[in-house]
Amino acid sequence: MVSSEQRRRQLAREKYERQMQARAEAAAKRKQRNAIVAGILAVVVVAGVATVASGVFDSDKKKDTKAASAAPSPSASGKQWAAEPAMSIDAAAKYTAKIETSQGEVTLALDAAKAPHTVNSFVFLAGQQFWDNTKCHRLTTEGIYVLQCGDPTGTGRGGPGYQFADENLEGATYPAGTVAMANSGANTNGSQFFLVYKDTQLPPSYTPFGKITGGLDVLQKIAAGGAEGTGGDGAPKLPVNVTSITTAKG
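Attention in this report is confined to the structure presented alongside it. Given the structure is predicted, the values throughout are model-derived calculations rather than measurements. (Residues numbered from 1 in each chain as written. Predicted model: local features only at pLDDT ≥ 70, side-chain atom pairs only at ≥ 80, totals over all residues. Heavy atoms only, no water.)

## Some remarks on the overall build of the chain
Counting secondary structure elements, the chain contains four helices and ten strands. Ordered by position from the N terminus, the helices and strands of the chain form the series α-α-β-β-α-β-β-β-β-β-β-α-β-β. The contacts of the chain with a sequence gap of at least 6 include a subset with a gap of at least 24, amounting to 68%. Carbon and sulfur atoms provide 54% of the accessible area of the chain, an area that totals close to 12,400 Å². (Helix = DSSP H or I, 4+ residues; strand = E, 2+ residues; numbered from the N terminus. Contact = heavy atoms within 4.5 Å. Areas by Shrake-Rupley, 256 points an atom, 1.4 Å probe, with all protein chains shown as cover.)

## Thoughts on the sheet that holds strand S4 (residues 138-140)
Pairing between the strands of a sheet is mediated by backbone hydrogen bonds and can be parallel or antiparallel. If you walk across this open sheet you meet the ten strands as S3-S10-S1-S2-S8-S6-S7-S5-S4-S9, and the pairing is antiparallel. For this open sheet the edge positions go to strand S3 (134-135) and strand S9 (233-234), each flanked by a neighbour on one side alone. Pairing of strand S2 (residues 104-110) with strand S8 (residues 208-214) involves four bridges; the strand directions are antiparallel. Each bridged residue has a counterpart across the sheet, and for Thr-107 the counterpart in S8 is Gly-214. Contacting strand S1 (95-101), S2, strand S6 (178-181), strand S7 (193-196), S8 and strand S10 (241-249), helix H3 (residues 116-127) crosses the sheet at an angle of about 120 degrees to S10. Packing of helix H4 (residues 216-224) onto the sheet brings it into contact with S2, S4, strand S5 (146-149), S7 and S8, and relative to S2 it is tilted by some 125 degrees. (Pairing = 2+ DSSP bridges. Axes fitted to C-alpha atoms, helices over the stretch in contact; angles between N-to-C directions.)

## Considerations on the nonpolar core
Counting residues in each nonpolar core, the largest one holds 41 residues, and the members touching the most others are Leu-108, Phe-122, Trp-131, Phe-193 and Phe-209. Looking at this core, the element that brings in the most residues is H3, giving six residues. For Trp-131, the contacting residues outside a window of four places in its chain are Phe-122, Leu-125, Ala-126, Gly-150, Ser-191, Phe-193, Val-242 and Ile-245. With ten residues, the next largest nonpolar core counts Val-146, Tyr-174, Ala-180 and Ala-182 among its residues. (Core = buried A, V, L, I, M, F, W, Y, C linked by side-chain atoms within 4.5 Å. Buried < 20%, exposed > 50% of the residue type's maximum accessible area, 1.4 Å probe, protein only.)

## What about the packing of aromatic side chains?
Scanning the entire structure with this criterion turns up twelve aromatic pairs. Relative to Phe-209, the ring of Phe-122 has its centre 5.4 Å away and its plane inclined at 50 degrees; by these criteria the two rings are tilted. In this pair, Phe-122 sits in helix H3 while Phe-209 sits in strand S8, placing the two residues 87 residues apart along the sequence. Here the two residues Phe-122 and Phe-209 agree in accessibility, since each one is buried. Between Tyr-174 and Phe-194, the aromatic rings sit 6.3 Å apart at their centres with planes inclined by 45 degrees, giving tilted as the arrangement. With Tyr-174 in the loop between S5 and S6 and Phe-194 in strand S7, this pair connects stretches of sequence that are 20 residues apart. Of the two residues, Tyr-174 and Phe-194, both sit in the buried class. Across the ring face of Tyr-145, the terminal group of Lys-198 is positioned such that the distance to the ring centre comes to 4.6 Å. (Phe/Tyr/Trp six-rings, centres within 6.5 Å; stacked < 30°, edge-to-face > 60°. Lys NZ or Arg CZ within 6 Å of the ring centre and 35° of its normal.)

## Points about the state of the cysteines
The full count for this structure, using the stated rule, is one disulfide. There is a disulfide in this structure between Cys-136 and Cys-149, and the S-S distance comes to 2.0 Å. For the disulfide bridge between Cys-136 and Cys-149, the dihedral angle about the S-S bond is near 95 degrees, and by the sign convention the bridge is right-handed. Residue Cys-136 is found in the loop between S3 and S4, and its partner Cys-149 is found in strand S5; the two are separated by 13 residues along the sequence. (Disulfide = S-S within 2.5 Å.)

Here it is in structure tokens:
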């Protein structure tokens, strides 16, 4: 017999997965709309300009031929790049990260061996100060136990302008201390990530790329403060502002 607590947790998980599905559908619609816009641009502008405009909307097929280390273009959400950064990390090396927030410091050990593209992107964005002075926009305290950060717009819809493929999903689990990528569907990783502060059951759809090595108590303090709104899912009541994220090799 299913207890009321088990049922509540099941409903919370289903709510989280419905929200992720809705984001995936919204992303697909945006992609289709962008493709139409790109097609119109191709008709009305010269060929060289059209090539640049349509390139912004290309996905995985051109990842290997475009480097994101080119000069970023300004936008409402800050720096943006047309494709994921060229591989610059050593997948055999160890990398660490330090997240400085208004509620305390969280440190991570990054798993470059199992998630090289994810760690490479994380290191790149940290080096660009992409997350400096941003906020963690989502806290879930029922069924799913995560703090979600990494969106420079603070809306849950922002990113770095590029997406990259999932990694390390086979047999993926999300115990307390996991750091993983948030997404809007398969292979739509960008800059948003979540920190698991309590054992969480999720389908293996979110790339785990490291472990929390310090500051779990900071996350638990934030969680204890609760989430705005109802259902235990919303902005954290204790504001979590990311001052900086830095990474180091070794």
